[in-house]
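# Examining the three-dimensional arrangement
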Amino acid sequence: MSKNNERYGLLIDYDFCTGCHTCEAACKVEHKLAYGQWGIKLAQDGPRKLENGRYEFVYVPIPTSLCDLCEDLVKVGKFPTCVAHCQADVMTYGPVKELAKKMADKPKMVLFAPR
């Protein structure tokens, strides 16, 4: 939360997530997480063959209970490390109310607002 108690979160556009794992690696390095611990973890769905013959393969980065949205970085005016290092630029950090409005424009997005 910010100083004015506005709640902040992470909006992820999984339509364009490539599953590169950069968010996971950046988080592990930033927070010095031990082997097997994750601040954000990539979930994978698919491949699944669709009726049109094409395949669907979806990746969604999911913040874990260890995620604090990089509170220390945000305090000094930086973005959470997963957002800063996302190779596909599919992660947005900001006030939950603003992020929720962005979700209305696109169907394949998820909003995380850890406390």
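Worth saying up front: this structure is predicted, and the values here are computed from it rather than measured. (Residues numbered from 1 in each chain as written. Predicted model: local features only at pLDDT ≥ 70, side-chain atom pairs only at ≥ 80, totals over all residues. Heavy atoms only, no water.)

### Notes on the side chain of T81
Assignment of secondary structure puts T81 in helix α3 (residues 81–85). Setting aside residues no more than four positions away along its own chain, T81 makes contact with A26, C27, E30, C70 and L73. (Helix = DSSP H or I, 4+ residues; strand = E, 2+ residues; numbered from the N terminus. Contact = heavy atoms within 4.5 Å.)

### Topic: the confidence of the model for the chain
Looking at the chain, the pLDDT average stands at 93 and 97% of residues meet or exceed 70. At the level of individual helices and strands, the chain shows its lowest average pLDDT in strand β3 (residues 55–63), which scores 94, and its highest in α3, which scores 98. (pLDDT = per-residue confidence, 0-100.)

### With respect to the pattern of salt bridges
One pass over the structure, following the stated rule, counts seven salt bridges. A cluster of three or more residues bridged by salt bridges with shared partners is formed by D45, R48, E56 and K108. (Salt bridge = Lys/Arg side-chain N within 4 Å of Asp/Glu carboxyl O.)

### A few points about unusual backbone geometry
Backbone torsion omega between G46 and P47 reads 10°, so that peptide bond is classified as cis. Within the secondary structure layout, P47 lies in strand β2 (residues 40–49). Unlike most non-glycine residues, H21 shows phi in positive territory, near 70°. Along the polypeptide, H21 turns up in the loop between β1 (8–13) and α1 (22–31). Residue classification places H21 among the partly exposed positions, given a relative accessible area of 39%. One non-glycine residue, L69, lies in positive phi territory at about 55°. Checked against the element boundaries, L69 lands in the loop between β3 and α2 (71–75). When its relative accessible area of 8% is taken as the criterion, L69 is described as buried. (Buried < 20%, exposed > 50% of the residue type's maximum accessible area, 1.4 Å probe, protein only.)

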